[in-house]
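Observations on chain architecture
Here are the chains, one letter per residue:
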Amino acid sequence: MRVQGIDYRTVWIKNDTIKIINQNRLPFAFEILDLPDVDSACEAIVRMHVRGAGAIGALAGYAMALAFKNLNINNIDPPREAKRKIEATRPTARNLFYATEKVWTAGMEGGYRKAKETAEMLAEENIAEGRAIAEYGESLIPDECHIMTHCNAGWLGFVDWGSALAPIYMAHRKGKKIFVYVSETRPRLQGARLTAWELTNEGIPHAIISDGASAFIMQNNKVDAIITGADRIALNGDTANKIGTLDKAILAHHYGIPFYVAAPLSTIDFNCPDGTKIPIEQREEAEVLFANGINQEGHFVSVRLASPGSSAINPAFDVTPGNLINLFITSQGFIKPEVISSLKEKCHV
Ligand code: MRU
């Protein structure tokens, strides 16, 4: 991704310190944070300085590697405890667990050097997968196309490129005319803040819509396709993604609009038979009751939106049944929901 003429990744490592773009400050400030150890990395995931399945996976991989830094082979309790801590940060995104498991195995075999190499390899893999999703997905996008997306599954949700936005970037770079409806994504506004910022940087025409406007837009405007990302895909194709995705899938079915989910194969949970077994993160009610932003003086502020005394419920994800998904756009090509389970052998997991 290029920001003010400089190439960045969402997450990277330099001199044994993890570096991240603080997504909680975007689009108002571009801030790089240093995460020198497992605890600071865990805090960054919990507070969503880094969010999005792919980016969380990359950060979790680097954090797991750091846990092997001063390994005493006669005492593997510290890296084991670090693994437990990292995996307790956010429960839904499969990529986090994919990364900790891979880096844990590498660290047990070859210590810090091998763990770090593996974390680096996973981050590179993430970029290559985004690029492949871009190439495959672009072929589904006709010229003069109107696409709706939800949450943020672009540069910031991965290490680079992204999943749901990657085909849109590729289509735009190939000269296709595209317009994107960006649903704001209450309560944390990943659509209004992050996707809108990315599309602005890429020069792609778009409009932010309130989440509740989706049905109206689908009923009255031209929406050619909906593309979202995924946090965890079960064997029957049921897919967890940001809360509000399910509404769009149901509406797309009603209005006959193709609903695509873009994700790398590392988002598939081959031990999860169906969506009822996907752990859904419940986040604090303050995210619903308050909103964060900047005031007219440019200072970050938090304001209460909801009636004082009322409480809130804040599930972070919902599960779209596989039968509402027309196609998965993966780094290995297009996959129908009903054949996800047959990939188990191929992926050697
Ligand atoms: O809570 P978030 O912002 O981490 O949720 C992110 C999403 O739901 C994305 O759509 C998903 O991770 C897919 S791709 C980054």
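Here, every reference points to the structure presented above.
Fair warning: this is a prediction, and the values are worked out from it, not measured in the lab.

Structural notes on the overall build of the protein chain
Scanning the protein chain for helices and strands turns up 10 helices and 17 strands. A compact globule built from 349 residues should have a C-alpha radius of gyration of about 20 Å, and the protein chain, at 20 Å, falls within 12% of that. Each of the 349 residues in the protein chain was classed as buried or not, and the buried ones make up 56%. Considering only contacts within the protein chain whose residues lie at least 6 apart along the sequence, 74% involve residues at least 24 apart. As presented, the protein chain carries roughly 14,800 Å² of accessible surface, and 51% of it is formed by carbon and sulfur atoms. Where the 36 positive side-chain charges of the protein chain centre and where its 40 negative ones centre are 2 Å apart.

Points about the layout of surface pockets
Roughly 640 Å³ of volume is contained in the largest pocket. Around the largest pocket, the lining comprises 23 residues; the ones closest to its centre are N24, R47, R188, N292 and S302. Mapped onto the lining of the largest pocket, the elements with two or more residues apiece are α9 (286–289), β13 (290–294) and β14 (300–304). Among the elements that line the lining of the largest pocket, the one with the most residues is β13, at four residues. Split by residue class, the lining of the largest pocket holds 10 nonpolar, six polar and seven charged. Looking at which domains feed residues into the lining of the largest pocket, each of domain 1 (2–133) and domain 2 (141–343) supplies at least three.

With respect to unusual backbone geometry
A negative phi angle characterises most non-glycine residues, just as the trans form characterises most peptide bonds. Omega for the bond connecting L26 with P27 falls within 30 degrees of zero, at 5 degrees, which places this linkage in the cis form. Assignment of secondary structure puts P27 in the loop between β4 (17–21) and β5 (32–35). The amide bond that connects R186 to the next residue, P187, takes the cis arrangement and shows omega of 5 degrees. Within the chain, N15 stands out as a residue other than glycine whose phi angle is a positive 50 degrees. By the secondary structure assignment, N15 is in the loop between β3 (11–14) and β4.

Procedures and definitions
Going along each chain's sequence as written, the residues are numbered from 1 onward. In view of the model being predicted, local features appear only for residues whose pLDDT reaches at least 70, and side-chain atom pairs are presented and counted only at 80 or more, with totals across whole chains, interfaces and linings using the full set of residues. To get the side-chain values, all heavy atoms of the structure are used, and hydrogens and water are removed first. Put simply, DSSP marks the helices as runs of H or I at least four residues long and the strands as runs of E at least two long, and each gets a number from the N terminus on. With the radius of gyration taken over C-alpha atoms, the globule rule is written as 2.2 Å times the number of residues to the power 0.38. The buried label applies to any residue whose accessible area, calculated with a 1.4 Å probe on protein chains only, is under 20% of its type's maximum; exposed applies above 50%, and partly exposed to all values in between. Any two residues whose heavy atoms approach within 4.5 Å at even a single point are treated as in contact. Here the accessible surface of atoms and residues is derived via Shrake-Rupley with a 1.4 Å probe, and residues count as covered only by protein chains that are part of the display. Residues counted as positive are Lys and Arg, residues counted as negative are Asp and Glu, and His and the chain ends are not counted. Lysine's charge is taken at NZ, arginine's at CZ, aspartate's at CG and glutamate's at CD. Cavities and pockets are found on a 1 Å grid laid over the protein atoms alone: a cavity is a set of points where a 1.4 Å probe fits but cannot escape, a pocket is an open set with protein on both sides within 12 Å along at least five of seven lines, and a lining residue has an atom within 4 Å of such a point. Grid points are joined across faces, edges and corners, and a volume is the space filled by probe spheres set on the points. Three classes are used: nonpolar for Ala, Val, Leu, Ile, Met, Phe, Trp, Tyr, Cys and Pro, charged for Asp, Glu, Lys and Arg, and polar for all others, with Gly counted as polar. Per the annotation, domain bounds derive from an automatic or database assignment of domains.

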